[in-house]
Amino acid sequence: PLEDQTRRTHQKKTYFCAMPFKRYVEIGRVALVKCGPLEGQLVVIVDVINMSKMLVDQPSKNFKRQVVHLRDTRVTDYKVEIGRMPDKSTLAGAAEDADYANLFASSAWGQKLAKRKAKAAMTDFQRYQKMASKGGKKK
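The residue count restarts for each chain, going from 1 along the sequence in the order it is written. Given that the model is predicted, a residue must reach a pLDDT of at least 70 before its local features are reported, and side-chain atom pairs must reach 80 or more before they are shown or counted; all residues, however, enter totals for whole chains, interfaces and linings. Where side-chain values are given, they derive from all heavy atoms of the structure, hydrogens and water being excluded.

Structural notes on the overall build of the protein chain
Line of reasoning, step 1. Each helix is a run of H or I in the DSSP string that is no shorter than four residues. Each strand is a run of E no shorter than two, and both are numbered from the N terminus. Within the protein chain one finds 5 helices and 5 strands.
Line of reasoning, step 2. Along the protein chain, helices and strands appear, N-terminal first, in the series α-β-β-β-β-β-α-α-α-α.
Line of reasoning, step 3. Partly exposed residues are those whose accessible area sits between 20% and 50% of the maximum for their type, while under 20% is buried and over 50% is exposed, using a 1.4 Å probe and protein chains only. For the protein chain, the residues scored as buried account for 25% of the 139 residues in total.
Line of reasoning, step 4. Contacts are residue-level and defined by heavy atoms, with any inter-residue pair within 4.5 Å sufficient. Taking contacts inside the protein chain between residues at least 6 apart in sequence as the whole, the part at least 24 apart equals 48%.
Line of reasoning, step 5. Approximately 10700 Å² of the protein chain is accessible, and the part contributed by carbon and sulfur atoms is 55%. Throughout, the Shrake-Rupley method with a 1.4 Å probe supplies accessible areas, and for residues the shown protein chains are the sole cover considered.

Listed below in structure tokens is the structure:
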């Protein structure tokens, strides 16, 4: 048995495994902006400029397309089926079909961000009430 084990380790092995990444930077992919003026907003990638910058847009009418650095965003699992550089009406229709905002809000990631935002908006008294409802300090 020992000889079989050593022989197996020296043989060339081929492993088949699934692709490790599922969140590719691609046109139509939804991303969450982590810093800058768009912090906390979900945007749709409408064009990839180079390896580190992309043009993003939102379906809302008052949002202007902006160039965002890849390091300032986190790519999500959600994708909107659009072509390169769509107009606002096409983007709005595709975003409505994909319903990515509600899907993200119901995900664990979206719920965690909502809890964090609610906790940051609490006053001192609300924090005290929450602590008191949990039983206060334990001795």
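Thoughts on helix H2 (residues 88-98)
Line of reasoning, step 1. Buried residues of H2: Leu91, Ala94 and Ala95, and no others. Down the axis of H2, the buried side of the element spans an arc of 100 degrees, and every buried residue falls inside it. Residues of H2 that are exposed and point more than 90 degrees away from the buried face comprise Ser89, Glu96 and Asp97.
Line of reasoning, step 2. Buried residues along H2 sit in contact with strand S2 (42-48), strand S3 (53-57) and helix H3 (100-106).
Line of reasoning, step 3. One or two residues past the end of H2 sits Asp99, with phi positive at roughly 55 degrees. Regarding the arc, it is the one traced by the directions from the helix axis to the C-beta atoms.

Re the pairing of strand S1 (residues 29-33)
Line of reasoning, step 1. Counting buried positions along S1 gives 5 out of 5 residues, so the element sits mostly inside the fold.
Line of reasoning, step 2. Neither face of S1 is open: one carries Arg29, Ala31 and Val33, the other Val30 and Leu32, and all of them are buried.
Line of reasoning, step 3. Paired strands, in this sense, are two strands between which DSSP finds at least two bridges. Here S1 pairs with strand S5 (residues 73-79) via 4 bridges, running antiparallel. Bridge pairing in S5 places Val33 opposite Thr73.
Line of reasoning, step 4. Examined bridge by bridge, S1 and S2 share 3 bridges and lie antiparallel to one another. Along S2, the bridge assignment pairs Val30 with Val44.

Comments concerning the nonpolar core
Line of reasoning, step 1. The criterion is simple. A nonpolar core is a set of buried Ala, Val, Leu, Ile, Met, Phe, Trp, Tyr and Cys residues joined through side-chain atoms within 4.5 Å. Among the nonpolar cores identified, the biggest contains 14 residues, and Val30, Leu42, Val44, Val80, Ile82 and Tyr100 are the most heavily contacted of them.
Line of reasoning, step 2. Every element with two or more residues in this core is listed here: S1, S2, H2 and H3.
Line of reasoning, step 3. Once residues lying within four places of it in the same chain are set aside, the contact partners of Val44 are Gly28, Arg29, Val30, Leu55, Val56, Asp57, Val80, Ile82, Leu91 and Tyr100.
Line of reasoning, step 4. Judged by nonpolar contacts, the second largest core, of 9 residues, contains Val33, Leu38, Ile45 and Phe63.

A few points about a nonpolar patch on the surface
Line of reasoning, step 1. Among the surface-exposed residues, Phe125, Tyr128 and Met131 lie close enough to one another that they form a single nonpolar patch of about 330 Å² accessible area.
Line of reasoning, step 2. Structurally, Phe125 is set in helix H5 (residues 124-133).
Line of reasoning, step 3. A residue is classified by how much of its surface remains accessible, and Phe125, at 52% relative accessible area, is exposed. Here, patches come from residues exposed beyond 30% relative accessible area and free of salt bridges, joined within 9 Å for like charges and within 5 Å for nonpolar side chains (Val, Leu, Ile, Met, Phe, Trp, Tyr). For salt bridges, the criterion is a side-chain nitrogen of Lys or Arg within 4 Å of an Asp or Glu carboxyl oxygen.

Comments concerning the packing of aromatic side chains
Line of reasoning, step 1. In this analysis, rings of Phe, Tyr and Trp, with Trp reduced to its six-membered ring, are considered paired at centre separations within 6.5 Å, and the interplanar angle assigns stacked below 30 degrees, edge-to-face beyond 60, and tilted for intermediate values. Summed over the entire model, instances satisfying the criterion amount to 2 aromatic pairs.
Line of reasoning, step 2. Plain terms: the ring middles of Phe104 and Trp109 are 5.3 Å apart, the flat faces sit at 65 degrees to each other, and that makes the pair edge-to-face.

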